[in-house]
Amino acid sequence: MTGSEIFARSLIAENVEVVFGYPGGAVIGVYDALVDLSDIKHVLVRHEQGATHAAEGYAKATGKPGVVLVTSGPGATNTVTGIADAYMDSIPIVVFSGQVALKLIGNDAFQEADIVGITRPITKHSFLVRDVRELARTIKEAFFIATTGRPGPVLVDLPKDVMAQKTTFEYPESVELRSYKPVVEGHIKQIKRAADLINGAKRPVLYVGGGVIQSNAARELRELAEKIHCPVTTTLHGLGSFPENNPLAMGMLGMHGTWYSNMAVDYCDVLIAVGARFDDRVTGNVDAFAAEAKKIHIDIDPSAISKNVRVDVPIVGDVKTVLSALNRHVHPLETKDWLQTIQQWKQEHPLRYETGDAVRAQYVIQKLGEVTGGNAIVVTDVGQHQMWTAQFFNWIYPRSHITSGGLGTMGVSLPAAMGVCFGRKDLPVVSISGDGGFQMNSQEMATIVENKLPLKIFVINNGFLGMVRQWQELFWRRRYSHVEISGPDFVKLAEAYGCPGLRVQHSSDVEHAIRKALAHNDGPMLVEFAVAQEDNVYPMIPAGQTVKEMLDVPDFATQPTNGSAQKVVMSLAKG
Ligand SMILES: Cc1ncc(C[n+]2csc(CCOP(=O)(O)OP(=O)(O)O)c2C)c(N)n1
Ligand SMILES: [Mg+2]
């Protein structure tokens, strides 16, 4: 078989269902091998960045690796943002890039780019295949590395001549890599030490990240929280790992987390970090983050341990495996007073927003959460609408929330949501973008329409690069610098692609529009929500600061606070 045929057969052996790609000269032979390949669907995106984000969305929603195929040079460099995004958020994708023939590498040949070099710092591993006899094994290793341990992107560069060479096809059954052996089981001694700390806690907090979702450990997490009566806060990527309708749930923590979750972390005596990495958007000033607490950190990646915050008991291992072991060693705790304090904080400092005729993004999200009951896969872009979605949806199910957390990539939502649609037909898929981010990858409307994907596309239009405008308002004396942004008529744009569109300008029309979009399953539907232009996301802990500097929701006050929470804080003995 030729290298191209081996490539196709290897993907079948990996049970790949869908490839997001874009052809070109260096992969023309590989594309030829796809012609007769009926088992695998190839989706022709409209920009290679869209392919990588689609693969990310597919991977996050299904738990299976996403696959990308692009040509050399510009095709390959267009994937860079998506690869970096997958690296930061630990998403398993495998990117196959065409490359010029081996003997031309280094010659500034037409459409040559050193994509292995370019992506080395943003991939878990990258390969240049130099001999067709290595191809099948390399593909096997690429999928193995992408999906095991802490997942991440792997790139395989395919020189044109190698793909034309022939050899016999044999797909390896297993992989043995001497320098790569992810630990699954946590060390029992460490697990017992963690259990001892937990068993002595008075004010424990579970701080939970995307690792719980990646390792399918929501059940084990819930068992632990309910057994020890421990309040739970999640990171942006942890949303959905613990149901927010559970009384122990405190919602998201960090820069735009709930007032009470940040307070609880500040006052806790034992912090149990599970599949989370102490990102600076969570910790603010690391020295003051849960400063008085003993810290336990469960993570599959040994390099994440004590990277940002020094911890007392690290446990390296798969979250699900470690939690099931830990659950056998912990006892029920007496945390009634602690939970009561948090309950009072919740009542006195709820998430809230102004109401009126003007459409509020928060209201749109809250209604979407209510109408779907959390039974939807919501893919956001980056900005204010992203934070409001995190705050107001009421997350219940794992893998229902997809967003770019680590890299914070505008333009991710539309293509990522498109990728989700190829992997998940069981739930409605909703893409939520700002008016800025939507314009960064709107070309994928064509792919979405062509494939008749029943995607609900919400554009939260505030006429601004809202999140940057908010920072300029709060921290740069409202000197707006290039944050006002115009756009096309989004409804007409949708229609030009052959997608029906709606515009919502009054609060009273929001629910009807959401229901209409959810009922429309004959291809996509776009809804533009013309929202209040200068609204802000609160609470907010300014970058690098502490809970003491937290800005609560201002007192336009649908539910005024009375200051008594402050007294509760003061009366709580620390340490
Ligand atoms: C690719 C990229 N460029 C720039 C930024 C910086 N940035 C973060 S949020 C934001 C504004 C987003 O505006 P919009 O998409 O309209 O969303 P909004 O905040 O208004 O909800 C910008 C420019 C980014 N995150 N990603
Ligand atoms: Mg905007």
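In what follows, the accompanying structure is described. (Residues numbered from 1 in each chain as written. Chains lettered and ligands numbered in written order. Predicted model: local features only at pLDDT ≥ 70, side-chain atom pairs only at ≥ 80, totals over all residues. Heavy atoms only, no water.)

**Side note on the overall build of the protein**
No. 1: Summing up its helical and strand segments, the protein has 24 helices and 18 strands in all.
No. 2: Relative to the globule expectation of 25 Å for 575 residues, the C-alpha radius of gyration of the protein, 24 Å, shows essentially globular dimensions.
No. 3: With respect to the three principal axes, the spread of C-alpha positions in the protein is 75 × 60 × 40 Å.
No. 4: The buried share among the 575 residues of the protein stands at 59%. (Helix = DSSP H or I, 4+ residues; strand = E, 2+ residues; numbered from the N terminus. Rg over C-alpha atoms; globule rule 2.2 N^0.38 Å. Buried < 20%, exposed > 50% of the residue type's maximum accessible area, 1.4 Å probe, protein only.)

**Description of the packing of aromatic side chains**
No. 1: Inspection of the entire model under this criterion finds 18 aromatic pairs.
No. 2: Measuring from ring centre to ring centre gives 6.0 Å for Phe278 and Phe289, while their planes differ by 90°; the resulting arrangement is edge-to-face. Here Phe289 lies in the loop between α13 (280-283) and β11 (294-299) and Phe278 lies in the loop between β10 (270-274) and α13, a separation of 11 residues in the sequence. For the pair Phe278 and Phe289, a shared accessibility class is recorded, and that class is buried.
No. 3: Grouped by ring-pair contacts, the aromatic residues Trp259, Tyr267, Trp338 and Trp345 constitute a single cluster.
No. 4: Residue placement shows Arg469 over the ring face of Phe464; its charged tip is 5.7 Å from the ring centre. (Phe/Tyr/Trp six-rings, centres within 6.5 Å; stacked < 30°, edge-to-face > 60°. Lys NZ or Arg CZ within 6 Å of the ring centre and 35° of its normal.)

**Remarks on the sheet that holds strand β18 (residues 525-530)**
No. 1: With respect to topology, 6 strands assemble into an open sheet ordered β14-β13-β15-β16-β18-β17, the strand pairing being parallel. Edge positions in the sheet fall to β14 (401-402) and β17 (501-504), since each of these pairs with one other strand and no more.
No. 2: Note: strand β13 (residues 377-380) against strand β15 (residues 429-434), 4 bridges, orientation parallel. If you follow Val379 over to β15, its bridge partner there is Ser431.
No. 3: On the sheet, helix α23 (residues 510-519) packs against β16 (456-461), β17 and β18 and is oriented at approximately 165° with respect to β18. (Pairing = 2+ DSSP bridges. Contact = heavy atoms within 4.5 Å. Axes fitted to C-alpha atoms, helices over the stretch in contact; angles between N-to-C directions.)

**With respect to the sheet that holds strand β5 (residues 125-128)**
No. 1: What the 6 strands build is an open sheet, ordered β2-β1-β3-β4-β6-β5; its pairing is parallel. Of all strands in the sheet, those with a lone pairing partner are β2 (41-44) and β5, marking the two edges. Here the strands of the sheet are splayed against their neighbours by 20° on average, with no regard to which way each runs.
No. 2: With 4 bridges connecting them, strand β1 (residues 18-21) and β2 associate as parallel partners. Bridge pairing in β2 links Val19 to His42.
No. 3: Across the face of the sheet, helix α3 (residues 48-62) comes into contact with β1, β3 (66-70) and β4 (93-99) while running at roughly 165° to β3.

**Concerning the site of ligand 1**
No. 1: What surrounds ligand 1 is a group of 17 residues, the closest being Gln384, Gly408, Asp435, Gly437 and Gly466.
No. 2: For ligand 1, a nitrogen atom lies 2.8 Å from a polar atom in the backbone of Gly408.
No. 3: Contact between ligand 1 and Gly437: an oxygen atom at 2.8 Å from a main-chain N or O atom of the residue.
No. 4: In isolation ligand 1 exposes 590 Å². Once the protein is present, 76% of that is buried.
No. 5: Tallied by class, residues from the shell around ligand 1 come to 7 nonpolar, 9 polar and 1 charged. (Near = heavy atom within 4 Å. Polar contact = N/O pair within 3.5 Å; in protein donor to acceptor, adjacent residues only side chain to side chain. Areas by Shrake-Rupley, 256 points an atom, 1.4 Å probe, with all protein chains shown as cover. Nonpolar A, V, L, I, M, F, W, Y, C, P; charged D, E, K, R; others polar.)

**Brief notes about a nonpolar patch on the surface**
No. 1: Together, Phe475, Trp476 and Leu551 make up a nonpolar patch on the protein surface, roughly 310 Å² of accessible area in all.
No. 2: By the element assignment, Trp476 lies in the loop between α21 (466-475) and α22 (490-497).
No. 3: With a relative accessible area of 57%, Trp476 lands in the exposed category. (Patch = residues over 30% accessible without salt bridge, like charges linked within 9 Å, V, L, I, M, F, W, Y side chains within 5 Å. Salt bridge = Lys/Arg side-chain N within 4 Å of Asp/Glu carboxyl O.)

**Topic: the coordination of the magnesium ion (ligand 2)**
No. 1: Those donors, Asp435 (OD), Asn462 (OD1) and Phe464 (O), are the protein atoms that reach the magnesium ion (ligand 2), and they lie 2.1 Å from it.
No. 2: All donors of the magnesium ion (ligand 2) come from a single chain, and their spacing in sequence reads D-x26-N-x1-F. Here Asp435 is found in helix α19 (residues 435-438), whereas its partner Phe464 is found in the loop between β16 and α21, with 29 residues between them in sequence. Exposure class is identical for Asp435 and Phe464. Each is buried. (Donors = N, O, S within 2.8 Å, 3.2 Å for Na, K, Ca; no water.)

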